[in-house]
Amino acid sequence: MKVLTLKKRKDFIRAAKGFKIVTNGLVLQAALSLPAPSENCCFVGYTATKKLGKACLRNYTKRRLRSAVQLILPENGISGVDYVFIGRHNTTTLNFAYLVKKMREAVIQINNQIRERENHNDQKNDDCSD
């Protein structure tokens, strides 16, 4: 699957209003993409707030998140979903393998939530059409 980068603020805000998983080392937010792309791709954004520290620490946090995403999302991502990864205070100090493990678990959990919501909406639509 192709992984594209979120650039617009409105996309980050839309993801913040969607699903959310908090784990040790990162926060994951996700929402369905507005214009569902015709090709097999998902969108990813990275955030590190000033609470984490100076610019070099925030940049390092985002670099670690990017490298972990390259390992996980091509296999576990859902097409037509926007994912936003938010770095936490310990993202830079965690063992990288542990960070990847936690990120994979978070992506799987959030994907399950998205599928449950889609199935629930499909059932609602079927009930209304009777």
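Residues numbered from 1 in each chain as written. Predicted model: local features only at pLDDT ≥ 70, side-chain atom pairs only at ≥ 80, totals over all residues. Heavy atoms only, no water.

1. Here we look at the side chain of Asp 82
Looking at the element boundaries, Asp 82 is found in strand E5 (residues 81–87). Among the residues examined, Asp 82 registers a relative accessible area of 2% and is labelled buried. A distance of 2.6 Å separates polar atoms of two side chains, one belonging to Asp 82 and the other to Ser 33. When sequence neighbours within four positions are dropped, the list of residues in contact with Asp 82 reads Leu 6, Arg 14, Gln 29, Ala 30, Ala 31, Ser 33 and Phe 43. (Helix = DSSP H or I, 4+ residues; strand = E, 2+ residues; numbered from the N terminus. Buried < 20%, exposed > 50% of the residue type's maximum accessible area, 1.4 Å probe, protein only. Polar contact = N/O pair within 3.5 Å; in protein donor to acceptor, adjacent residues only side chain to side chain. Contact = heavy atoms within 4.5 Å.)

2. Observations regarding the pattern of salt bridges
Two side chains that carry opposite charge are able to pair once their charged atoms sit near each other. Counted by the stated rule, this structure contains 3 salt bridges. For the salt bridge of Asp 11 with Arg 14, the shortest nitrogen-to-oxygen distance reads 2.9 Å. You can see Asp 11 and its partner Arg 14 sitting in helix H1 (residues 9–16), 3 residues apart, about one turn around the helix. What makes Asp 11 buried here is its relative accessible area of 15%. (Salt bridge = Lys/Arg side-chain N within 4 Å of Asp/Glu carboxyl O.)

3. Focus on helix H2 (residues 55–76)
Helix length check: H2, at 22 residues, gives a terminal C-alpha distance of 30 Å against a target of 32 Å (1.5 Å per residue), a fit within 8%. At Val 69, H2 shows its maximal bend, which comes to roughly 35 degrees. When we look at burial in H2, the residues that qualify are Arg 58, Thr 61, Arg 64, Leu 65, Ala 68, Val 69, Ile 72 and Leu 73. (Expected span 1.5 Å × (residues − 1). Bend = angle between axes of the 7 residues up to and from the residue.)

4. What about the sheet that holds strand E1 (residues 2–5)?
An order of E1-E4-E5-E3-E2 is seen for the 5 strands of this open sheet, with the pairing classed as mixed. Looking at the sheet topology across the chains shown, the edges are occupied by E1 and strand E2 (19–23). Neighbour to neighbour, the strand axes of the sheet diverge by 25 degrees on average, direction disregarded. Two strands pair when backbone bridges link them, and strand E4 (residues 41–47) and E5 are joined in this way by 5 bridges, in the parallel orientation. Its bridge partner being in E5, Gly 45 is matched across the sheet by Val 84. (Pairing = 2+ DSSP bridges. Axes fitted to C-alpha atoms, helices over the stretch in contact; angles between N-to-C directions.)

5. A closer look at the environment of Gly 18
Position of Gly 18 relative to the elements: it lies in the loop between H1 and E2. Take Gly 18: its relative accessible area is 36%, and that puts it in the partly exposed class. Separated by 81 residues in sequence, Gly 18 and Leu 99 have C-alpha atoms that sit 23 Å apart. Other than its neighbours up to four places away in sequence, Gly 18 contacts Ala 30 and Ala 31.

6. As for H1
The complete set of buried residues in H1 reads Asp 11, Arg 14 and Ala 15. An end-on view of H1 places all buried positions within 100 degrees of arc, on one side of the element. Structural note: H1 exposes Arg 9 and Lys 10 on the side pointing more than 90 degrees away from its buried face. Those residues of H1 hidden inside the fold are in contact with E2, strand E3 (26–32) and E5. (Arc of directions from axis to C-beta.)

7. So, the environment of Leu 52
Position of Leu 52 relative to the elements: it lies in the loop between E4 and H2. Under the relative-accessibility criterion, Leu 52 is labelled buried at 16%. Between the C-alpha atom of Leu 52 and that of Asn 90, which follows or precedes it by 38 residues, the distance is 8.8 Å. Residue contacts for Leu 52: discarding those within four places in its chain leaves Leu 57, Arg 58, Thr 61, Gly 87, Arg 88 and His 89.

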